[in-house]
Amino acid sequence: MSSPQTGPGSGQQGAEARHAEEQKQAPEQQQKQWAMTSAPETAAMSGWLTFAGSLILLVGIFNIIEGLTSLFRTDYFIVGEGQLLVFNFATWGTILLVLGVLQVATGVGCMYEQTWARTTGVVLAALCAIGHLAFLAAFPLWSLLVIALSVLVIYGLVVPEKNTAP
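Residues numbered from 1 in each chain as written. Predicted model: local features only at pLDDT ≥ 70, side-chain atom pairs only at ≥ 80, totals over all residues. Heavy atoms only, no water.

A.B. asks: Is there a simple way to explain the nonpolar core in this structure?
C.D. replies: Nonpolar side chains in soluble globular proteins generally cluster together in the buried interior. With 15 residues, the main nonpolar core has V59, C110, C128, V153 and L157 as its most contacted residues. Broken down by secondary-structure element, the contributors of at least two residues to this core are α2 (47-72), α3 (89-111), α4 (115-134) and α5 (140-158). With 5 residues, the single largest contributor to this core is α2. Here L157 is in contact with L49, A52, C110, R118, G121 and V122, once residues within four sequence places are set aside. Counting residues in each nonpolar core, the second largest holds 7 residues, with F77, V79, W92 and A138 among its members. (Core = buried A, V, L, I, M, F, W, Y, C linked by side-chain atoms within 4.5 Å. Buried < 20%, exposed > 50% of the residue type's maximum accessible area, 1.4 Å probe, protein only. Helix = DSSP H or I, 4+ residues; strand = E, 2+ residues; numbered from the N terminus. Contact = heavy atoms within 4.5 Å.)

What follows is the structure in structure tokens.
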């Protein structure tokens, strides 16, 4: 029920009072509204992508070490330089060093879920496996281990992420 208005300015004063009261309530309502909004959903990081990223990072570090060894300690390997399947130790050292640096960068990219890192990781892992196949005579067990790790990297990078449609 409305109260009778007395005097010429009473209607305007009532409107101002209601407006002032609404302004007092507005921050409370905004606060309630803010408190009720949900945080944006973050996608869960893919376990396979994290696994593949850390593995390619590790294989990259291995390749850097092997590349430096090929450049500076050629007597470390089982066969002589002339018995390698392809190239000499200096060339292999350079190839493995560059490949290792690229793999480390790709592994970090995979851990940050970069899409370019998946494709690059698959290509680099395949090149690494082929390279170690050619380096097999010089360091057999190590080359077989790196080939197996490269296959795991490829698998981890091509596995679809969670909640993706087939």
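A.B. asks: Help me out: how do you make sense of unusual backbone geometry in this one?
C.D. replies: Among all residues except glycine, the phi angle is most often negative; among peptide bonds, the trans geometry is most common. Although it is not a glycine, E113 adopts a positive phi angle of roughly 55°. Looking at where E113 falls in the secondary structure, it is placed in the loop between α3 and α4. For E113, a relative accessible area of 38% gives the class partly exposed.

A.B. asks: It is not clear to me how the packing of aromatic side chains should be interpreted in this structure. Could you clarify?
C.D. replies: The geometry of an aromatic ring pair comes down to the distance between the two centres and the angle between the two planes. Under the criterion given, the structure shown has 3 aromatic pairs. Taking the centre distance of 5.0 Å and the plane angle of 85° together, the rings of W48 and Y155 count as edge-to-face. Highlighted residues: W48 in helix α2 and Y155 in helix α5, separated in sequence by 107 residues. One aromatic cluster is present, built from ring pairs that chain together W48, F51 and Y155. (Phe/Tyr/Trp six-rings, centres within 6.5 Å; stacked < 30°, edge-to-face > 60°.)

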